[in-house]
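Chain by chain, the residues:
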Amino acid sequence: MRLGIDIGGTKTAALVLDDTGAVVARASAPSGRGNTQTLATAVAVADEAVAAVGGWNGVEHVGACMPGLVDPTTGMARHAVNLGVHALDLAGGLEAATGRRPCIDNDVKAAALGAHHVVRPEVSGGTTAYLNVGTGIAAAIVHRGAVVRGAGDAAGEIGHLPVGSGVACSCGQEGCLETIASGTALARMWPRPAGDLFPAAGAGDDRALHVVRTLAHGIALAVQVLVVTGVELVVIGGGLARDRAELDRAVRADITARAADSPFLRRLDLGSRFLLLDGGVPVAAIGAALLPGVPDLERVPG
């Protein structure tokens, strides 16, 4: 069996996969803050999940993921701001507590593995991307069952691709995709509660309609960028995907409108190349469980 731990900014979850890849145990708790509490919470939910399947003796592989800069080689996690973590030996800390050396990775990369496993379990080859639309927007790519890393470990990191919005981005550039398609962008454009956006748009509120179109356009551009780089299916998740049906309609409307005047876009058939994932599916924890024993594609020298 495989154990996966997803250390999120607000919640830490653990689950166990059996030999068929099915989830057989789950546990979660509010995430701790700082190195000590972050690790303690991760160990506690891992122990709870493992206890449900008879204890640690049946667990052969352990994987963990978290936000920030996560180095699978050294086991270090850095700059997880929402967790109050500056530098944490995540692999070493979990090994000391569990007796097993875990494989670790960034949460979006783990989620890409999990999304591929959930959505395309019958596809051993192929290329899948996971597009996480949360506070920011980020993507990771899985090709033939392995995470694609690229130069500087940045493959799929499309959030800081300039698209000309004219808005200053936290990365130091101007007009990045993240400035029109992210939770940060939504908060800037729509100061009311996020849950009010789609109802207001449905009621004909001009401001809400503009914000929905802007978000949808940014997400549609992200799908387009991923598809033209060779991705066959883009799985969309994250906090902004919670209103799945409404967001799906808005993104498809943007794609359809732009394709009407573009033979190139019609040929890409972007509407068949993406889906919004049910927010209840724990793709990051599933992907974390799959990290051990899954070879990553080699980094491009850079």
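Above this text you will find the structure in question.
Summary of the structure given here. (Residues numbered from 1 in each chain as written. Predicted model: local features only at pLDDT ≥ 70, side-chain atom pairs only at ≥ 80, totals over all residues. Heavy atoms only, no water.)

## What about the overall build of the protein?
In step 1: Within the protein, the regular secondary structure consists of nine helices and 13 strands.
In step 2: Whereas a compact globule of 302 residues would reach a radius of gyration of roughly 19 Å, the protein reaches 19 Å, a difference of no more than 12%.
In step 3: The C-alpha extent of the protein, read off along each of the three principal axes, is 60 × 40 × 40 Å.
In step 4: Evaluated residue by residue, the protein yields a buried proportion of 50% over its 302 residues.
In step 5: Sequence separation of 24 or more characterises 59% of the internal contacts of the protein that already satisfy a separation of 6 or more.
In step 6: About 13,300 Å² of surface is accessible on the protein, with carbon and sulfur atoms providing 53% of the total.
In step 7: Seen as two clouds, the 24 positive and the 29 negative side-chain charges of the protein have centres 4 Å apart. (Helix = DSSP H or I, 4+ residues; strand = E, 2+ residues; numbered from the N terminus. Rg over C-alpha atoms; globule rule 2.2 N^0.38 Å. Buried < 20%, exposed > 50% of the residue type's maximum accessible area, 1.4 Å probe, protein only. Contact = heavy atoms within 4.5 Å. Areas by Shrake-Rupley, 256 points an atom, 1.4 Å probe, with all protein chains shown as cover. Lys, Arg positive; Asp, Glu negative; His and termini not counted. Charge placed at Lys NZ, Arg CZ, Asp CG, Glu CD.)

## Quick notes on the pairing of strand β3 (residues 23–30)
When a strand is regular, its side chains alternate between the sheet's two faces.
In step 1: Sheet topology note: the strand β2 (residues 11–17)/β3 ladder contains seven bridges and is antiparallel. What sits directly across from A13, in β3, is S28.
In step 2: Counting the residues that bridge the hairpin from β2 to β3 gives five residues, and of these G21 lies at a positive phi of roughly 90°. (Pairing = 2+ DSSP bridges.)

## So, helix α1 (residues 34–51)
In step 1: Compared with an ideal rise of 1.5 Å per residue, which puts 18 residues at 26 Å, α1 spans 26 Å between its outermost C-alpha atoms and is within 8% of the ideal.
In step 2: Among the residues of α1, G34, T38, L39, T41, A42, V43, V45, A46, A49 and V50 are the ones counted as buried.
In step 3: Looking at the buried side of α1, the elements it contacts are β1 (2–7), β2, β3, β7 (85–89) and α2 (90–98). (Expected span 1.5 Å × (residues − 1).)

## Comments concerning the side chain of E178
In step 1: With respect to the helices, strands and loops of the structure, E178 is situated in the loop between β11 (146–148) and α4 (183–189).
In step 2: For E178, which is buried and forms no salt bridge, the nearest opposite charge comes from R188, at a distance of 9.0 Å. (Salt bridge = Lys/Arg side-chain N within 4 Å of Asp/Glu carboxyl O.)

## Let's talk about the nonpolar core
In step 1: Judged by nonpolar contacts, the single largest core of 45 residues is most densely connected at L131, L226, V234 and I236.
In step 2: Of the residues forming this core, the biggest block, 12 residues, is contributed by helix α6 (residues 206–228).
In step 3: Not counting the four nearest positions on each side in its chain, L131 is found in contact with I137, A138, A139, I158, I219, A222, L226, V234, V235, I236 and G237. (Core = buried A, V, L, I, M, F, W, Y, C linked by side-chain atoms within 4.5 Å.)

## Considerations on the sheet that holds strand β6 (residues 76–80)
In step 1: The strand order β5-β6-β7 describes an open sheet built from three strands, whose pairing is antiparallel. Edge positions in the sheet fall to β5 (69–70) and β7, since each of these pairs with one other strand and no more.
In step 2: Alignment of β6 against β7, held across four bridges, turns out to be antiparallel. Bridge pairing links M76 to D89 in β7.
In step 3: Contacts between α2 and the sheet are confined to β6 and β7, with β7 contributing the most and set at about 50° to the helix. (Axes fitted to C-alpha atoms, helices over the stretch in contact; angles between N-to-C directions.)

## Concerning the packing of α6 against helix α7 (residues 244–259)
In step 1: Between α6 and α7, whose axes approach to 8 Å, the crossing angle comes to 70°. Between α6 and α7, the interaxial angle falls into the category roughly perpendicular. The two elements α6 and α7 cross, and the hand of that crossing is right-handed. Between α6, through V212, A216, H217, I219, A220, L221 and Q224, and α7, the contact on the second element is made entirely by L247, A250, V251, D254, I255 and R258.
In step 2: Classifying every residue of the contact of α6 with α7 by side-chain character gives nine nonpolar, two polar and two charged. (Parallel < 35°, antiparallel > 145°, perpendicular 65-115°, else oblique. Left-handed = near helix turned anticlockwise from the far one by under 90°. Nonpolar A, V, L, I, M, F, W, Y, C, P; charged D, E, K, R; others polar.)

## Overview of the pattern of salt bridges
In step 1: Across all of its chains, the model carries five salt bridges by this definition.
In step 2: The partner of D205 in a salt bridge is R192, with the nearest N and O atoms 3.8 Å apart. With D205 in the loop between α5 (197–202) and α6 and R192 in the loop between α4 and α5, this pair connects stretches of sequence that are 13 residues apart.
In step 3: The exposure class of R192 is partly exposed, given its relative accessible area of 40%.
In step 4: A salt bridge links D254 to R258; the nearest nitrogen and oxygen atoms lie 2.9 Å apart. With a gap of four residues between them, D254 and R258 both fall in helix α7, about one helical turn apart.
In step 5: Judged by relative accessible area, R258 falls into the partly exposed class, the value being 22%.

## Digging into the packing of α1 against α2
In step 1: For the pair α1 and α2, the least separation of the axes is 10 Å and the interaxial angle reads 50°. As judged from the angle between their axes, α1 and α2 are oblique. Crossing hand, α1 versus α2: right-handed. Every residue of α2 that contacts α1 at L39, A42 and V43 is listed here: L90, G93, L94 and A97.

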